[in-house]
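# Geometric and topological summary
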Amino acid sequence: MRCIFCLRCVVSAFLQTPFEIILRALHTGPCSNISGTEWTKPSGFDTGLKVFNSLTKQKEPLILAREGVATWYSCGPTVYDHAHLGHACSYVRFDIVQRILSKLFGITVIHAMVITDIDDKIIKRSWEENICSTVIASMYEEEFKRDMLSLKVIPPAVYLRVTENVPQIVAFIDRIIKNGHAYTTQEGDVYFDIKSIGERYGKFGGAADSQPEPGSHKRDARDFALWKKSKAGEPYWESPWGRGRPGWHIECSTIASTVFGSQLDIHSGGIDLAFPHHENEIAQSEAYHQCAQWANYFLHSGHLHLKGSVEKMSKSLKNYITIKVKPGLLFKLFYGMTES
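The rules behind these values
- Positions within a chain are numbered from 1, following the residues in the order the chain's sequence is written.
- In keeping with the predicted nature of the model, local features appear solely for residues at pLDDT of at least 70, side-chain atom pairs appear and are counted solely at 80 or more, and the whole-chain, interface and lining totals rest on all residues.
- Each side-chain value is worked out from all heavy atoms of the structure, with water and hydrogens disregarded.
- Confidence of the prediction at every residue is given by pLDDT, a number between 0 and 100.
- By definition in these notes, contact holds between two residues if any of their heavy atoms fall within 4.5 Å.
- Pairing between two strands is assigned when DSSP locates at least 2 bridges connecting them.
- Numbering of helices and strands starts at the N terminus; helices are DSSP runs of H or I of at least 4 residues and strands are runs of E of at least 2.
- The axes are straight lines fitted to the C-alpha atoms, using for helices just the contacting stretch, and the angles between their N-to-C directions are given from 0 to 180°.
- A 1.4 Å probe rolled over the protein chains alone gives each residue an accessible area, and that area as a share of the maximum for its type sets the label: buried under 20%, exposed over 50%, partly exposed in between.

Okay, the confidence of the model for the protein next. When pLDDT is averaged along the protein, the result is 85, and 80% of the positions lie at 70 or above. Here residues 4–25 scores under 50 on pLDDT; set against residues more than four positions off or in separate chains, the count is 45 contacts. pLDDT under 50 marks residues 335–340. Its contacts with residues more than four places away, or in other chains, come to eight contacts.

With that out of the way, let us pick up the sheet that holds strand β12 (residues 295–301). On the basis of which strands lie adjacent, the open sheet formed by five strands has the order β6-β5-β4-β11-β12 and parallel pairing. If you trace the sheet from one side to the other, it starts and ends with β6 (158–161) and β12, each paired once. On average, each strand axis in the sheet is tilted by 25° relative to the strand beside it, whichever way the strands run. Where strand β4 (residues 69–78) and strand β5 (residues 108–116) come together, eight bridges link them in parallel fashion. Each bridged residue has a counterpart across the sheet, and for Trp72 the counterpart in β5 is His111.

What follows deals with unusual backbone geometry. A cis amide bond, omega 10°, links Phe275 with the succeeding residue Pro276. Positive phi, close to 55°, is recorded for Asn130, a residue that is not glycine. For Asn130, the location among the structural elements is in the loop between α3 (120–129) and α4 (133–150). One non-glycine residue, Lys152, lies in positive phi territory at about 65°. Judged by relative accessible area, Lys152 falls into the exposed class, the value being 54%.

Right under this line is the structure:
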């Protein structure tokens with residue numbers, strides 16, 4: 001078995017010239033019908049490579065649904081502020097892996113990324129700046145794309161915005177409700193019903209049952225919002241449950257399924273997204289597709305910490321450095337070097 005994290009491969013792939021990825025209409029067969037939280041080795045094309053799979057917390061053979069093609073979905077930015085070096089590290093790391101797969105092993109990586117352009121933080125920022133939320137989102141989205149180009153990160157085959165996929169999200173939620181895995185409230189919210197999937201919840205954490213807080217409309221404290229009733233002054237869309245907007249997690253399940261169908265080879269993101277975001281993505285997707293292994297591999301990138309600090313670099317913590325550095329300096333950061 002070859003490990004795709006060999007340093008020689010990393011350096012070689014990083015220096016390759018970016019190439020254009022052509023998106024194809026790609027819907028693979030039904031996802032696995034296994035049960036529980038155990039990972040099952042996929043069937044299909046064995047690449048001869050191994051990757052560290054967060055679902056099993058160890059290296060696993062990389063087996064793809066289709067020969068020579070890897071379907072890859074990644075969580076993009078929530079565009080309410082500048083991207084920072086922590087984001088850069090994550091996206092460059094996965095760019096290196098994708099280059100290794102494509103340049104060295106001839107695998108076509110079809111990569112889709114979501115842009116979260118509606119969110120509590122975006123709305124809050126728009127109120128603070130007295131600017132429309134769509135303007136805020138568009139401004140930081142374009143800045144993010146420029147930052148990625150400056151780092152020579154190969155763009156995904158397609159960027160998809162949440163606001164442009166709300167009808168698909170509404171339909172996705174409706175099917176989860178009909179499949180018996182979500183419920184509505186009198187207030188107009190829709191929650192995912194964790195107890196409805198039993199022991200299948202908890203691949204990354206949060207398996208323990210818990211009681212909702214007094215006054216909550218949830219049946220279980222772990223239940224999470226699929227649809228949120230709009231508040232006064234907030235952007236909203238019409239739905240069967242009233243005016244509102246999508247919850248955070250549902251966007252990724254819907255968009256990944258819209259692009260790739262019921263089976264996904266690789267899902268990537270920062271380690272801080274593993275729980276609850278990716279955990280809830282898995283729950284939603286498997287409830288929608290009625291299976292128990294929707295994505296076969298989860299790849300997570302670690303945090304970037306400032307020297308002498310135990311806190312991760314984060315927009316919410318206001319301790320970040322924006323992506324306005326030369327790529328050589330960023331590359332040194334990966335190997336613990338300091339600029340001379």
